[in-house]
Amino acid sequence: PMSLTYRGGANGSISGDASQTIDYNTDGTAVTAVPAAHHHFIDWSDGVTDITRTDLAVIDHLTVTANITIDTYSVNYVAGSNGSLSGNTDQVIDHGSDATTVSGNPIEGYHFVDWSDGLDDNPRTDTNLIGPIAVIANFAINVYDLTYIGDANGSVSGDTAQAIDHGANGSAVTALPAAHY
């Protein structure tokens, strides 16, 4: 008799008869590698790549192990216009593990707003990953409030409350002194 032994390895199990005894030159029965949660099948230790296998016309003893590994996810961070990133922007992370920290760095006159997935943490560290992440850091121009106020001895004409982008000019205003000033 021939023995067929199928093992699931540390990250899986076998569906079907994992320990078979068959006659010389006969067929075994189908077995399937069953990955543990958040793991995936790669191949069998003898190079067979089908997750379900049936060994046919067996003429020698066989012991194989399913090569099963943890799921990994791509984590990609991209800088939007007017900024850059520091840290590892392209990562491959095991299921349940943490990505390394990435920071959004605005150019002069701009500020970090948020990431395209709505998170506003900066720097950002994604933890306990359960899927891929692909986000863009959003930056916006700094806006400055200009307020012009006259005192008891005069007033101001023109737009006295202005919101001006960094590097831009405000509109003209004129100081108007009260009579006899």
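Above this note sits the structure.
Residues numbered from 1 in each chain as written. Predicted model: local features only at pLDDT ≥ 70, side-chain atom pairs only at ≥ 80, totals over all residues. Heavy atoms only, no water.

**Quick notes on the pattern of salt bridges**
- The final tally for this structure, using the stated rule, is four salt bridges.
- The partner of Asp 55 in a salt bridge is Arg 53, with the nearest N and O atoms 2.9 Å apart. The burial state of Asp 55 is the same as that of Arg 53; both residues are buried.
- Arg 124 is the partner of Asp 117 in a salt bridge, and the nearest nitrogen-oxygen pair spans 2.7 Å.
- With a relative accessible area of 41%, Asp 117 lands in the partly exposed category.
- Assessed through its relative accessible area of 2%, Arg 124 is described here as buried.
- Bridged by salt links that share partners, the residues Asp 46, Arg 53 and Asp 55 form one connected network. (Salt bridge = Lys/Arg side-chain N within 4 Å of Asp/Glu carboxyl O. Buried < 20%, exposed > 50% of the residue type's maximum accessible area, 1.4 Å probe, protein only.)

**Quick notes on the packing of aromatic side chains**
- The tally for this structure, following the rule as stated, stands at five aromatic pairs.
- With a centroid separation of 5.9 Å and an interplanar angle of 65 degrees, the aromatic rings of Tyr 77 and Trp 115 are classed as edge-to-face. With Tyr 77 in strand E8 (residues 72–79) and Trp 115 in strand E12 (residues 110–115), this residue pair connects regions lying 38 residues apart in the sequence.
- Overall, the relative accessible area of 1% leaves Trp 115 in the buried class.
- Ring geometry for Phe 112 and Phe 139: centres 6.0 Å apart, planes at 75 degrees, overall edge-to-face. Of this pair, Phe 112 sits in strand E12 while Phe 139 sits in strand E13 (residues 133–141); the two residues are 27 residues apart in sequence, bridging distant segments of the chain.
- For Phe 112, a relative accessible area of 15% puts it in the buried group. (Phe/Tyr/Trp six-rings, centres within 6.5 Å; stacked < 30°, edge-to-face > 60°. Helix = DSSP H or I, 4+ residues; strand = E, 2+ residues; numbered from the N terminus.)

Note that all results are geometric; they support no functional claim without further evidence.
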